[in-house]
Structures are given as structure tokens and as C-alpha cells.
Amino acid sequence: MNNKERIIYFISLHRTGLWVIVLSLILLLYPLFEQNPYTLGLTNLIAINAIVVLGLNLFIGYSGQISLGHAAFFGLGAYGSAVATVYFSVPAWPALILVAALVSLVALVIGIPILRLSGHYLAMATLGMNFVFHTILLQWDEVTGGPSGFAGIPSLTIGSFAFDNEVRLHYLIWSVTLLCLLLCLNLVRSGVGRGMAALAGDEVAAAALGVNTRQTKVKVFVLSAVLASVAGSLFAHTYTFISPDSFDIFVATDFVIMVVVGGMGSIWGSLFGAGLISMLPEWMDLFQTYKDFVHGAILVLVLMFLPQGLVTGLIDNARIRLALRKRHHAEH
Amino acid sequence: MLQDFIQYLFAGLTNGAIYALIALGFCVVNNTMGIVNFVQVDFVSLGGMLMFSALFALGLPMIPGLLLAIAGVALVAMVIERFGLRPARSDNHLVLIFLTVGLSIILRGVIKLVWGKNRMALPPLTPDKPVEILGASVLPQALWIFLLTLIAIALLTWFFYRTSLGLSMRAVASNPTAAAVVGIPAGRVRLTSYAIAGALGGLAGVLVTPITTLSYDVGVLLGLKGFAAAIFGGFGSFPGAILGGLGLGLLESLSAGYISSAYKDVVAFLVLLLVLFVRPTGLMGKE
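Reading the values: rules and limits
Throughout, residues of each chain are indexed from 1 in the direction in which the sequence is written. Whichever chain is written first becomes A and whichever ligand is written first becomes 1, with later ones labelled in order. The model is predicted, so local features are restricted to residues of pLDDT at least 70 and side-chain atom pairs to those at 80 or more, both for listing and for counting; the totals for chains, interfaces and linings are taken over all residues. Helix numbering and strand numbering both begin at the N terminus, where a helix is a DSSP run of H or I of at least 4 residues and a strand a DSSP run of E of at least 2. Residues are called buried when their C-beta atom has 20 or more other C-beta atoms within 10 Å, exposed when it has 12 or fewer, and partly exposed otherwise; all C-beta atoms are positioned from the backbone. C-beta atoms are first placed from the backbone for all residues, and any pair lying within 7 Å is then listed as a contact. Only C-alpha atoms enter the radius of gyration; for comparison, a globular chain is expected to reach 2.2 Å times N to the power 0.38, where N is the number of residues. All axes are obtained by fitting lines to C-alpha atoms, using only the stretch in contact for helices, and the reported angles, taken between N-to-C directions, cover 0 to 180 degrees. In this scheme, a crossing is called left-handed if the near helix is turned counterclockwise away from the far one by less than a right angle; it is called right-handed if the turn is clockwise. Three categories are distinguished: nonpolar for Ala, Val, Leu, Ile, Met, Phe, Trp, Tyr, Cys and Pro, charged for Asp, Glu, Lys and Arg, and polar for the others, with Gly belonging to the last. In this usage, the nonpolar core is the set of buried Ala, Val, Leu, Ile, Met, Phe, Trp, Tyr and Cys residues whose C-beta atoms join them within 7 Å.

Peer 1: What should I look at first to understand the overall build of chain B in this one?
Peer 2: On a plain count of helices and strands, chain B comes out with 11 helices and two strands. When the helices and strands of chain B are read in sequence order from the N terminus, they spell out α-α-α-α-β-β-α-α-α-α-α-α-α. Considering only C-alpha atoms, chain B reaches an extent of 60 × 50 × 35 Å along its principal axes. Expressed as a percentage of the 287 residues in chain B, the buried residues total 50%. Within chain B, counting contacts between residues at least 6 apart in sequence, those at least 24 apart form 75% of the total.

This is the structure:
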């Protein structure tokens, strides 16, 4: 191998890591070029959504299960952090971890029975779970504040340094998102991750090859719930105000749309899906009127023509074209 | 005491009949196409909306308005099947489920665009003068709901057991491959099952919106409860759908009456989750 080949080999071997480094650098420098707090607020929202979508994509894309209820775990994280910090004066960071631990327990208790179901039943059961959670948020107003929401949640702090403006929040939230991204990227290349992918391909075959399917499903469900809960806690501390509408079944379907648009089973796609769907309202002035329509149309068109997701689908198509053309040239 | 009980009973059966109609719509599509049709929830809202337009924009009397609204929803359902679902040609569960979710979001968006976000009121079929039955006062609309639900069930039975299209639909439900082998037109069967589901959802919408209110998302909750009823009775079974609907309606009104009305809407989903855990085949489902 000469030097040039060696460099190319090194790059292709470490391409995932290099992409992560490139992304981190871009994010590190981003606030130097973009100081508009509104825009930064938007990218922060993308980062929060991306954490949920990363977890949900592990569950939907990698293990082939369905959840129309992850807004509930997102909401549990947010309300959990809010209640712990405001009513019980727990410091924000321990509260975040404590709440995530509690949510993992809740997900375990719900997941063990619910994951015996599959397909449509699972979709409806998770949707039902999200609905019950949303109703409790609305009705239990002594604790949750009911429909008018929960205000006065403190910001996250380290010592006397408070994450209270968009630039500081940018670094905090994106750091967490990058950590989650690394976790997911490594997980899907581990033995457990390969088992999950096998589960998505064919459950019976995966079981025959020695994957403990029941346990794997529950583990991924719990992991995705914990990620959603962490995202929820960050959401609560970022906006210092939360209301039940941010956690209803329509938000849950929006998370699913992000997963599908980014590509089921594509970790990088999760970032893209979260980004695209969160940014849509900004790109279209008329969007508020046509919001549902556009969201639904994107979901339907992607599923019909590029079921692997927008980016993955387009790249796959280009690859097939290229290969066909190569063969065409070789034949003549 | 007894009077209260009878009052709750009537309220429960009224809602139950509506859930049964919606559940039947879910079952028809599931039996012939093997998918859960999330769009069903919006057929309910659309039925109410079309009735509203038929009465106030076209100035039709009640019965022609009702028939027009039901036919309209059936037509929309057929369009959705033909141009929304069929081009996908996928047998991947995830893709099909999310596809119907997406179509449901689109239809809800269209309804919101056409009729707006405001809550509207639909008049009942006959003027609201409560009738006394066994000491409980019952709205005439509730009696209409019982009557029209019975007629719908009778028509469905006639269709499935006395017509050749109904026979082919039962054939597809019992064995799709064998049905295709003997040359039963799959497209027509799918289209018909969607039309029936649309008509049942539309009827439910026309009947229930005078009691609740009419808005673009009124069908979401009703539809999800209808699905819970279908699961409760055993998904795919027609008698199960009817029993499940009535059972769920009764459970809901009795728990609202005797326990707490704040969490009335949660009952359906607790029942759904319980049934799925304990006996996923439901009351009348096959093992």
C-alpha cells in the first residue's frame, strides 16, 4: 500500500468516528457564526427531539417494533424533573438521573406485558398508554397544573454557572445529543445490536439463532424510554414551562414521522428526520394552516416511494443507478 | 337508585352502539386486508361534517342528508384505498400501519381546512323531547341510534350472507390465497371493504355528533374507543365487535356514574390493555 491508499483505507475504516468528529467541530463553532437566539433555540429543539428519535429508532428501526406512545416517556421525564425540582427541591442534575431511573422502571413494568403483543396490537396499546398518560396530566391538576401547564421550572446549573441562555444551552444539549448518538452508533455494532437487527428482519429466525427476543425487545424499549425521559428533562429545564399538549398522541406520531423520514434503522437518519420535521414550520409561512396535511403527506410519500427513509432511500437509489451504469459500460 | 342505574344503562348502550358501528368498520377492513385502518377514526368526523354541510349548505331534509353523508364518506374511503393504500403494494406491517396513520393525518388536515377548527352543533334527527322509559329519560336521538345501528347490522348480515360480493369477501377473509387462486377480484373486495368501513364510520359520526359536538378531531377519541371495543370483543369477529362495543359503553357509563367521571375516557384504554394482556383473542375471538 502506498501512502495515498493507506490514508483512504484509514478514512474508510474510521468513517463513522470521523463523521462524529466533523459534526462535533461544526457544532462547537456554530454559535460563533450564528448568534440569533431564535435560530439557536430552534437547533436546540432539534437536538432534544433527536435524542427521543434516536431511542425510538432503535426500537422501531432496529428491533422492528412499533411505539405510538413515546411522547408519554418524554412527558414523564419533563413532568418528573419539574415536580422533583419545584416541589421536592431536588437539585436538577440528580433529579434528571433519578427521574430517568424511575422511567426505566415504569418502562420495564409496562414493557414486559405490552411487548408480548406485536404489530397493530402493539401500536394501539402504546397509543392507549400515551392517551392515558395525557389524560392524567390534564386531570390531576393539583400536581401537574392541568391544562394550563407547569411553570417556574429552574434552569440547569453547574456550581454557579446557569444554563440560562441559548448559547449555553446549545453546548449542553448538543453534548448530550452527541453522547446519545455515540451510544447508539456503538450499540448497533455490538452483539446486542446485531441481535436487535436480526429481530427486525425475522423474529423466528432471530430466536432460532439464539437471540433472546423477549428480553431484547424489553431492553431496547427501556433504553428508548430512558433516552426520551432525559430529553424530556432537558426540555423542561430549557423552556422552564411545560404543558400537556407537548406530550399528546399527536406529538407521539410526530416522533414516529421523524423516525420514518430519517429512515427506519438509520442512526444518522434520526438526526436528519428530527431536523427536517422540527424545521418545517420555519420554512413555510403558510405551514400553520397546512401543518397536519404536510406532515401526513410527507409520511405517506416517504413510505410509498422510499420506505427506507428519505436519505437512505435516495442514497440506495443512486448506488443502484451507479452499479447498473457500471455494468452497462462493462458489457459494451 | 334503580332509576339512576337505568339512566346509566341507556347512556352506556347509546355510546356502545356507536362504538359497535366503528368497531365493525375496523373488523371489515382487517378481515379482508389484514391491516388496522387508522383512517377509520376520521371517517367518523367526516360523516358529521358532511351531514352538517348537507343540512345547512344544501338545505336537504334529515333522511336524504343522512344518506348523502354516508355515501360521501364511503366514496372518500374508496378514493383513499385506491390512491392512498394500493399504490404502496407492501406487506411490511410497519409500513402499512404508518401509512394508514399518515393517511389519517392527511384526511384530518383536509377536514380542518374545509370546515375549520371551530366546534359546531349538529341538530338531532328529531327534536329533543326526552321520552320516559322505566323512569329514565331518554333522548329520541338515542332511540334513533339503536334503530339505525340495528338496521346497519341487518344490512351487513344480508350483504355478507345473501350477495355474491359478500360471499367473495368472506372467502378472502377466510383464506386470501385460496380466494385469489379461484379468481376472486382482490381489488374489488378491498374497495368494497373500505366503502363499508367508511359508511359505518360515517353513520356513527352522523348519529353521535348531535350528542357530543362536531369538530375536526371528534373522531379520534371515538375511533380509538371503537378499536378498543373491537379488541375487547375479539378482533375480526362481527358479533364480537357488537358485544365489545356495548360492553365498553356500559363499563364506561357505569364507571363514570359510580366511580369518577374525570377519568371516564381512560376506562376504554385500561380495558384494552387488560384484555390484551389477559386474553388477546378477546371475548368472541378464535384461539
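Now that the structure has been shown, we can carry on.
Peer 1: Teacher, can you tell me more about the overall build of chain A here?
Peer 2: Looking only at helices and strands, one finds 15 helices and four strands in chain A. Relative to the globule expectation of 20 Å for 332 residues, the C-alpha radius of gyration of chain A, 21 Å, shows essentially globular dimensions. Taken along its principal axes, the extent of the C-alpha atoms in chain A is 75 × 50 × 40 Å. Counting every position in chain A, which comprises 332 residues, the buried fraction comes to 45%. Look at the contacts in chain A between residues 6 or more apart in sequence, and 76% of them connect residues 24 or more apart.

Peer 1: Can you walk me through the packing of helix α5 (residues 92-114) of chain A against helix α11 (residues 213-239) of chain A in this structure?
Peer 2: Pairs of packed helices are described in terms of their axes, by the angle between the two and the distance that separates them. Residues and elements named next belong to chain A. Direction vectors running N to C along α5 and α11 enclose 145°, while the axes themselves pass 8 Å from each other. Handedness of the α5/α11 crossing: right-handed. Across from A92, L96, V99, A100, V103, S104, A107, L108, G111 and I112 in α5, the residues of α11 making contact are V218, F221, V222, A225, V226, S229, V230, S233 and H237. Partitioned by chemical class, the residues of the contact of α5 with α11 number 14 nonpolar, five polar and no charged.

Peer 1: I tried to follow the interface of chain A and chain B on my own but got confused; where do I start?
Peer 2: Interfaces are often sized by the amount of accessible area the parts lose when they come together. Counting residues at the interface gives 32 residues for chain A and 34 residues for chain B. Broken down by secondary-structure element, the contributors of at least two residues to the side of chain A that touches chain B are α6 (119-139), α12 (249-262) and α14 (287-305) of chain A. Broken down by element, the side of chain A that touches chain B gets its largest block of residues, 12 residues, from α6(A). Its residues assigned to classes, the side of chain A that touches chain B shows 21 nonpolar, 10 polar and one charged.

Peer 1: Help me understand the environment of A:G262, please; the structure alone is not making it clear to me.
Peer 2: All names here are of chain A. With respect to the secondary-structure elements, G262 resides in helix α12. Between the C-alpha atoms of G262 and L310, which are 48 residues apart in sequence, the distance is 5.9 Å. Those residues in contact with G262, other than ones at most four positions away along the chain, are V53, G269, S270, F272, G273 and G309.

Peer 1: Which parts of the structure should I look at to understand the nonpolar core?
Peer 2: Soluble, globular proteins show a tendency: their nonpolar side chains are buried together. One finds A:I51, B:A228 and B:L272 to be the most contacted residues of the largest nonpolar core, which totals 183 residues. Setting aside residues up to four positions removed in sequence, B:L272 forms contacts with A:M124, A:A125, A:G128, B:A228, B:I231 and B:F232. The next biggest cluster of nonpolar side chains, apart from the first, holds five residues, and it includes B:M169, B:V172, B:A173 and B:A179.

Peer 1: Please explain unusual backbone geometry as it appears in this structure.
Peer 2: Phi is mostly negative for residues that are not glycine, and the peptide bonds are mostly trans. All names here are of chain A. In this structure, S89 is a non-glycine residue whose phi angle is positive, near 50°. Tracing the backbone shows S89 in the loop between α4 (70-86) and α5. Judged by local crowding, S89 falls into the exposed class, with 9 C-beta atoms found within 10 Å. Even without a glycine there, the phi angle at T240 is positive, about 55°.

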